[in-house]
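Now for the letters of each chain:
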Amino acid sequence: MFKDIKERFLGKPLATAAITNEKLTNTQGLAIFGADALSSTAYATEEILLVLATVGASLSYISIPVALSIFGLILLVAISYHQVIHAYPQGGGVYNVASKNLGEYPALLGAASLLIDYTLTAAVSMTAGVAAITSAFPTLYDHRVAIGITVILILMWVNLRGLRESGKLFSIPTYIFIISFLIMISYGIWRYLTGSFPVAQSLGALSEPMGALGLLLILRAFAAGCTAMTGIEAVSNGVQAFKSPESENAARTLQKMALLLGVIFIGITLLAYWGKIVPIHDETVLSQIARLL
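Just so it is clear, the model here is predicted, and its values are computed rather than measured. (Residues numbered from 1 in each chain as written. Predicted model: local features only at pLDDT ≥ 70, side-chain atom pairs only at ≥ 80, totals over all residues. Heavy atoms only, no water.)

**Thoughts on the overall build of the protein chain**
Along the backbone of the protein chain there are 13 helices and 0 strands. Ordered by position from N to C terminus, the α and β elements of the protein chain give α-α-α-α-α-α-α-α-α-α-α-α-α. Considering the protein chain as a whole, with its 293 residues, one finds that 42% of them fall into the buried category. A separation threshold of at least 6 residues defines the contact pool for the protein chain, and within that pool the share at least 24 residues apart is 78%. Within the structure as shown, the protein chain displays about 15,800 Å² of accessible surface, and the carbon and sulfur contribution to it stands at 68%. (Helix = DSSP H or I, 4+ residues; strand = E, 2+ residues; numbered from the N terminus. Buried < 20%, exposed > 50% of the residue type's maximum accessible area, 1.4 Å probe, protein only. Contact = heavy atoms within 4.5 Å. Areas by Shrake-Rupley, 256 points an atom, 1.4 Å probe, with all protein chains shown as cover.)

**Looking at helix H2 (residues 26–33)**
Because an α-helix packs 3.6 residues into every turn, residues spaced three or four apart end up facing the same way. Most of H2 is tucked away: 7 of the 8 residues are buried. Looking at H2, one finds that the buried residues are Asn26, Gln28, Gly29, Leu30, Ala31, Ile32 and Phe33.

**A few points about the packing of H2 against helix H12 (residues 246–274)**
At a closest axis distance of 9 Å, the pairing of H2 and H12 adopts a crossing angle of 55 degrees. With respect to H12, the axis of H2 lies oblique. The way H2 lies across H12 gives a crossing that is right-handed. Counted together, Asn26, Gly29, Leu30 and Phe33 of H2 and Asn249, Arg252, Thr253, Lys256, Met257 and Leu260 of H12 form the full contact between these two elements. (Axes fitted to C-alpha atoms, helices over the stretch in contact; angles between N-to-C directions. Parallel < 35°, antiparallel > 145°, perpendicular 65-115°, else oblique. Left-handed = near helix turned anticlockwise from the far one by under 90°.)

**Side note on helix H7 (residues 104–136)**
Spanning 33 residues, H7 covers 48 Å between terminal C-alpha atoms, matching the ideal 48 Å at 1.5 Å per step. When we look at burial in H7, the residues that qualify are Ala107, Gly110, Leu114, Thr121, Ser125, Met126, Ala128, Val130, Thr134 and Ser135. On its buried face, H7 sits against helix H3 (35–39), helix H4 (41–52), helix H6 (94–101), helix H8 (144–160), helix H11 (234–237) and helix H13 (285–292). (Expected span 1.5 Å × (residues − 1).)

**Focus on the packing of aromatic side chains**
Taken as a whole and assessed by the stated rule, the structure comprises 5 aromatic pairs. Centroid distance Phe197 to Trp274: 5.9 Å. Interplanar angle 75 degrees. Geometry classified as edge-to-face. Linking Phe197 in the loop between helix H9 (163–193) and helix H10 (211–225) with Trp274 in helix H12, this pair joins segments that are 77 residues apart in sequence. In this pair, the class of Phe197 matches that of Trp274, namely buried. The cationic tip of Arg144 hangs over the ring face of Tyr141; the distance from NZ or CZ to the ring centre is 4.2 Å. (Phe/Tyr/Trp six-rings, centres within 6.5 Å; stacked < 30°, edge-to-face > 60°. Lys NZ or Arg CZ within 6 Å of the ring centre and 35° of its normal.)

**Observations regarding a nonpolar patch on the surface**
Nonpolar side chains collect at one region of the surface, where Val145, Ile149, Leu153, Met156 and Leu160 lie side by side and expose about 500 Å² of accessible area between them. One can find Val145 in helix H8. (Patch = residues over 30% accessible without salt bridge, like charges linked within 9 Å, V, L, I, M, F, W, Y side chains within 5 Å. Salt bridge = Lys/Arg side-chain N within 4 Å of Asp/Glu carboxyl O.)

**A word on the packing of H7 against H8**
H8 packs onto H7 with a crossing angle of 125 degrees between their chain directions and a minimal axis gap of 10 Å. Classed by the angle they form, the pair H7 and H8 counts as oblique. Note that H7 runs across H8; the crossing there is right-handed. Contacts between H7 and H8 involve Met126, Val130, Ile133 and Thr134 from the first element and Arg144, Ile147, Gly148, Val151, Ile152 and Leu155 from the second. Its residues assigned to classes, the contact of H7 with H8 comprises 7 nonpolar, 2 polar and 1 charged. (Nonpolar A, V, L, I, M, F, W, Y, C, P; charged D, E, K, R; others polar.)

**Some details on the side chain of Gln288**
Within the element layout of this structure, Gln288 appears in helix H13. Apart from the residues lying within four places of it in its own chain, the contact partners of Gln288 are Ile277, Val278, Pro279, Ile280 and Glu283.

**Some details on the environment of Ala272**
Topologically, Ala272 is positioned in helix H12. Expressed as a C-alpha distance, the spacing of Ala272 and Val199, which sit 73 residues apart in the sequence, is 9.5 Å. Excluding residues within four positions of it along the chain, Ala272 makes contact with Thr45, Leu49, Ile277, Val285 and Ile289.

**Details of the side chain of Thr253**
Among the secondary structure elements, Thr253 is positioned in helix H12. In this structure, Thr253 is in contact with Asn26, Gly29, Leu30, Val235 and Phe242, ignoring residues within four places of it in sequence.

**A short note on unusual backbone geometry**
In this structure, Pro245 follows Ser244 across a cis peptide bond, with omega equal to -5 degrees. As for its position among the elements, Pro245 is in the loop between H11 and H12. Its identity as a non-glycine residue notwithstanding, Lys276 has a phi of 55 degrees, on the positive side. With respect to the element layout, Lys276 can be found in the loop between H12 and H13.

Take a look at the structure:
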């Protein structure tokens, strides 16, 4: 009886030989391995603005050079992982790379760090997702913990059913997310170029951060905005999950993910600056931008 329930819930166990049928296309790979990185664009700009807002909303213009610097770092990291994918086609995870070049203990340290990183990634991404839901539907704000736990359980169930099924299911919301963001950013840029971009509020005269405090502020904003890089290593960890040729398909997926990540991140940062958006506790920056447009 337990076996029947398990098979209904998770599906029938797959033989090792069936792994070739579970391989991902580039489209599915981007949805699965790029979801963490792409979803981080929904809150990375807000993290930058939260730091800058501590000394005055008029310093929001600093978010632009900070975002551009982070985009440069994204490209640098993507290029590095592109090389790792081809150098370690069996899977370029931190444990594999470190064990080959540094030894067992550095590899174990890297693997343990990655486990913690994935746990924090799930927590932060889920929190941001629930914040987006409660921003769209304020009546759900008091139920945000229950919503988060429910979504985590659903994601766990989908992943346990296998790569191919999770790839199909995750592709739909991921590509809706990408298309929606690109449409919003394109529309916002068009309104800015035509001089019809709305402004949320007046931030007053711009002021320049001075001395060591200003430098530390910028560095703190940069560190906070680096949440945009969350999960960028996932493709190199799962090279063997792609269809043959695995390395080529994984590398192409990484390129697309890095490009989309940079475009969406910088686009949202520009829209937030043009609209003079400031973080508030009960609505995300992204929700404010969408409502403003």
